[in-house]
Amino acid sequence: MKTKILLLCTVVSLFLACEANRTSDFSVTEADLIGNWNLASVTMEDGTINIDLGNGNVMSENCTVVAKDMDMTFSCTIDNLKMIKVQGGLTAEIAYTFLGKRYTETEDIDSDSIPTPNYTWKLNADNTITVAHNPTLVFTIEEFDTNTLKLSARLNETRSYNGKPTTIEGTINIVLEK
């Protein structure tokens, strides 16, 4: 169960990742973002997991994350508050290297079994989206047309795993489709 909770935190962080600072040549309005967006892909290809083992020892391993069997929807509204609601599920495939050997694990993630809160959002002038989360998260809009939204972000998040501080770092790429 602890692995599943860490994995859920990782996958939610994939959707709500941390820092971005790129500008683009296109314009997106809040009205463009309103509606239901289906998750088409999520990847993290250059990831690293750092586990603090204590006494100054840190184990650092490479990892990749790919979402499969996706049936997940992000609903963006602009009623009284701008809200994002996440519903559905996916299978996360995490590949990592440990002591020179490559491992792959899969976990099914479902918003019904591990509920996710609704998040408030804001579209910024530099084509980034800020999501109210702890901490505040920022996505860069890499590409946009009326039916496709490509986002990226740099993830750098520390969580406790088996009582040890564990940092997950990498570039997250997300594709949403209407």
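Further up the page is the structure itself.
Residues numbered from 1 in each chain as written. Predicted model: local features only at pLDDT ≥ 70, side-chain atom pairs only at ≥ 80, totals over all residues. Heavy atoms only, no water.

Describing the overall build of the protein chain
Inference 1: When its secondary structure is counted, the protein chain shows 2 helices and 9 strands.
Inference 2: Secondary structure of the protein chain in N-to-C order comes out as α-α-β-β-β-β-β-β-β-β-β.
Inference 3: Expressed as a percentage of its 178 residues, the buried residues of the protein chain come to 43%.
Inference 4: Entry remark: accessible area of the protein chain is about 9500 Å², with carbon and sulfur atoms responsible for 48%. (Helix = DSSP H or I, 4+ residues; strand = E, 2+ residues; numbered from the N terminus. Buried < 20%, exposed > 50% of the residue type's maximum accessible area, 1.4 Å probe, protein only. Areas by Shrake-Rupley, 256 points an atom, 1.4 Å probe, with all protein chains shown as cover.)

A few points about a nonpolar patch on the surface
Inference 1: Where nonpolar side chains cluster on the molecular surface, the patch consists of Phe98, Leu99 and Tyr103 and spans about 300 Å² of accessible area.
Inference 2: By the secondary structure assignment, Phe98 is in strand β3 (residues 82-98).
Inference 3: Of the residues examined, Phe98 reaches a relative accessible area of 31% and is grouped as partly exposed. (Patch = residues over 30% accessible without salt bridge, like charges linked within 9 Å, V, L, I, M, F, W, Y side chains within 5 Å. Salt bridge = Lys/Arg side-chain N within 4 Å of Asp/Glu carboxyl O.)

Let's talk about the packing of aromatic side chains
Inference 1: Taken as a whole, this structure holds 1 aromatic pair when the rule is applied.
Inference 2: Arranged with centres 5.6 Å apart and planes meeting at 20°, the rings of Tyr96 and Tyr103 form a pair that is stacked.
Inference 3: Accessibility expressed as a relative area gives 30% for Tyr103, which makes it partly exposed.
Inference 4: When the ring centre of Trp121 is taken as reference, the NZ or CZ atom of Lys82 above it lies at 6.0 Å. (Phe/Tyr/Trp six-rings, centres within 6.5 Å; stacked < 30°, edge-to-face > 60°. Lys NZ or Arg CZ within 6 Å of the ring centre and 35° of its normal.)

Details of the side chain of Ser75
Inference 1: With respect to the element layout, Ser75 can be found in strand β2 (residues 57-78).
Inference 2: Residue class for Ser75 comes out buried when judged on its relative accessible area of 14%.

Focus on a negative patch on the surface
Inference 1: Taken together, the side chains of Asp69, Asp71, Asp108, Asp110 and Asp112 present a region of like negative charge at the surface.
Inference 2: Looking at the negative patch, the elements that each hand over two or more residues are β2 and β4 (101-110).
Inference 3: Checked against the element boundaries, Asp71 lands in strand β2. (Lys, Arg positive; Asp, Glu negative; His and termini not counted. Charge placed at Lys NZ, Arg CZ, Asp CG, Glu CD.)

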